[in-house]
Each structure stands twice: as C-alpha cells, then as structure tokens.
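Geometric and topological summary
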Amino acid sequence: MTPEGLALLRRGAEELQLDVTPHEAQFARLLALLRSGNERLNLTALKTEEDIVLKHFVDSLTTLRGGHLDGAYRTLDLGTGAGFPALPLAIVRPELDLVPLDSIRKKIDFVRDTAAELGLSHVTPQVGRAETLGQSAEHREQYDRVVARAVAALPVLAELALPLLRVGGVFVAQKGPLSDEELEAGRRAAGEVGGRVTEVDAFTLPVSGDARTLIVLEKQRPTPARYPRREGVPTHQPLFWKAK
Ligand code: SAH
C-alpha cells in the first residue's frame with residue numbers, strides 16, 4: 001500500500017476511534033490479494049487503491065459505529081461478495097466469530113483463500129442462500145449479529161436476516177442514502193418477522209463525502225415459521241414494498 005493509501009485508512013479509522021496501526025500489514029496484504037483476485041475473477045468494480053481503501057475498507061469498518069460489533073459475537077455477513085464488510089471487520093475484531101455468506105461459489109472461494117492468507121482463523125465462509133440457511137436448523141436463530149452491505153432493499157433484508165438471529169440479536173444493515181418509503185417498509189417488514197428498527201444512523205464517508213446509512217434492527221420475538229419465504233420470493237415480492 002502506498003503512503004497515501006495508508007494515510008487514508010488511518011484517517012477513516014480515526015473517525016471511528018479505531019487504531020489500525022497493528023493491522024496495517026494485513027490491510028496491505030488484503031489490498032494486494034483483492035487486486036490480483038480481481039484480475040482473475042472480476043470480484044469488485046473498485047479498482048484504484050483510493051477507491052478500495054475508502055469504499056471497501058473504511059466503508060466496511062463504519063459498521064462499528066454504534067458499538068454493536070464490540071463483543072465475542074457469532075456474526076453472519078449476508079451477501080459478502082468479495083468479503084465486505086466481513087474481512088475488514090475480521091482484521092480489527094479478532095474476537096468475532098464470522099461467517100461470510102454468499103450464494104456465488106467463486107466469491108466464497110476467494111474469501112476463504114484470502115482469510116487463510118491473512119491468518120483469520122475466526123472466519124468460516126459459507127456458500128448458500130440466506131433463504132435456505134434461514135430455514136435450516138443449523139443456522140436459524142443461531143447468530144448474535146447479522147451484517148449486510150449493499151445487498152437489497154430494507155424490507156428484503158429484514159426477511160432474510162431476522163430469521164438467522166437469536167432473540168435479542170442485532171442486525172446492522174449498511175446502505176447508501178435511504179428514502180422514507182424504504183425505511184417505512186423496512187419498519188413494517190421488521191415487525192412482521194419479529195423485530196424492530198432501533199437506530200437509523202445517517203453519516204458521510206470521509207474524503208468522498210458519500211452518503212451512508214446504518215440501519216439497526218433488533219430481534220424481539222421468534223420469527224414466524226413461514227419466513228424467510230422460498231428462494232427468490234423475498235426479493236421478488238418484498239414485504240410492504242414495491243418490487244423493482
Ligand atoms: N457485501 C458486498 C457485496 C454486495 S453485492 C459488498 O458490499 O461489496 C450483493 C451480494 O449478495 C452478491 O455477491 C450476491 O451474490 C449476494 N446475495 C444476494 N442475495 C443473496 C441471498 N439471498 N443469499 C446469499 N447471498 C446473496
């Protein structure tokens with residue numbers, strides 16, 4: 001990583017009161033692996049160092065705002081793609097037990113290889129769909145935390161994430177700007193699947209000033225057995241929301 005890249009990482013981390021100095025070598029290695037993996041696998045649209053550091057690393061770390069990931073939590077990253085936010089979180093939070101989930105095998109292969117290269121033994125990537133895991137005894141109501149970045153509309157996310165959480169667990173959804181309509185549909189969907197929206201944290205990324213929103217949902221009661229509905233239905237017929 002160049003000195004400029006490192007400075008950007010430090011600045012972003014500082015805004016989160018996070019000291020990344022002990023982890024800089026791992027972030028540099030992750031940057032290199034992403035760039036070489038990207039050439040082979042076309043994993044991410046972001047190609048420049050500045051974009052990757054800001055929009056993948058710093059952006060992923062903003063899930064720490066609010067302190068919901070400060071503990072030894074079993075945490076699922078729903079739709080992790082090339083490992084975001086899971087891998088940056090794993091680097092700075094070794095006490096988390098992290099399960100990056102994606103339905104696309106080549107992405108999970110990359111996340112598994114990368115986690116191994118970085119020595120992140122607390123990361124156990126999983127290929128699958130959230131709809132399937134949400135109805136399996138092995139995963140349903142087994143997680144303390146779920147995170148998801150840039151995966152779906154809030155009501156879709158609520159239906160996919162809440163079944164995976166134990167009662168009392170917390171879902172941190174990471175999005176760009178959020179409309180009142182999407183938030184309202186998300187609130188209603190959360191109620192339907194056993195939870196409640198407890199925080200809406202709108203902020204901007206450092207340097208770029210891009211708008212971001214963290215939406216925090218708490219699971220309050222067991223999810224009704226009919227949720228999540230079968231594969232594809234949460235996305236194509238979202239609860240309380242017009243499908244796109
Ligand atoms: N979180 C990553 C990737 C976002 S793209 C990032 O921010 O960079 C959304 C990802 O979610 C895709 O890789 C897609 O395969 C995955 N995905 C979408 N719906 C899913 C589902 N129902 N179950 C599992 N993975 C899903």
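Our subject is the structure that appears above.
Our subject in this report is the structure included herewith. (Residues numbered from 1 in each chain as written. Predicted model: local features only at pLDDT ≥ 70, side-chain atom pairs only at ≥ 80, totals over all residues. Heavy atoms only, no water.)

1. Re the overall build of the protein chain
- The helix and strand tally for the protein chain stands at 9 helices and 7 strands.
- In terms of overall size, the protein chain behaves like a compact globule, its C-alpha atoms giving a radius of gyration of 17 Å where 244 residues would be expected to give roughly 18 Å.
- Counting over 244 residues, the protein chain shows a buried share of 56%.
- When contacts within the protein chain are restricted to residue pairs at least 6 apart in sequence, long-range pairs at least 24 apart make up 70% of them.
- With an accessible surface of roughly 10,400 Å², the protein chain has 48% of that area assigned to carbon and sulfur atoms.
- Charge separation in the protein chain, taken as the distance between the mean sites of 31 positive and 33 negative side-chain charges, equals 5 Å. (Helix = DSSP H or I, 4+ residues; strand = E, 2+ residues; numbered from the N terminus. Rg over C-alpha atoms; globule rule 2.2 N^0.38 Å. Buried < 20%, exposed > 50% of the residue type's maximum accessible area, 1.4 Å probe, protein only. Contact = heavy atoms within 4.5 Å. Areas by Shrake-Rupley, 256 points an atom, 1.4 Å probe, with all protein chains shown as cover. Lys, Arg positive; Asp, Glu negative; His and termini not counted. Charge placed at Lys NZ, Arg CZ, Asp CG, Glu CD.)

2. Here's the deal with the packing of aromatic side chains
- The full count for this structure, using the stated rule, is 2 aromatic pairs.
- When the ring of Phe-27 is compared with that of Phe-57, the centres are 5.3 Å apart and the planes differ by 50°; the resulting orientation is tilted. Of this pair, Phe-27 sits in helix H2 (residues 24-41) while Phe-57 is found in helix H3 (residues 49-61), placing the two residues 30 residues apart along the sequence.
- One aromatic cluster in this structure is built from Phe-27, Phe-57 and Phe-84. (Phe/Tyr/Trp six-rings, centres within 6.5 Å; stacked < 30°, edge-to-face > 60°.)

3. Notes on the packing of helix H7 (residues 154-161) against helix H8 (residues 180-192)
- Between H7 and H8, the shortest axis-to-axis distance is 7 Å and the interhelical angle comes to 25°. By the criterion of interaxial angle, the relationship of H7 to H8 is roughly parallel. Pair H7 / H8 crosses with right-handed handedness. Together, Leu-154, Pro-155 and Ala-158 of H7 and Glu-182, Leu-183, Ala-185, Gly-186, Ala-189 and Ala-190 of H8 make up the contact between the two elements.
- Of the residues belonging to the contact of H7 with H8, the class tally is 7 nonpolar, 1 polar and 1 charged. (Axes fitted to C-alpha atoms, helices over the stretch in contact; angles between N-to-C directions. Parallel < 35°, antiparallel > 145°, perpendicular 65-115°, else oblique. Left-handed = near helix turned anticlockwise from the far one by under 90°. Nonpolar A, V, L, I, M, F, W, Y, C, P; charged D, E, K, R; others polar.)

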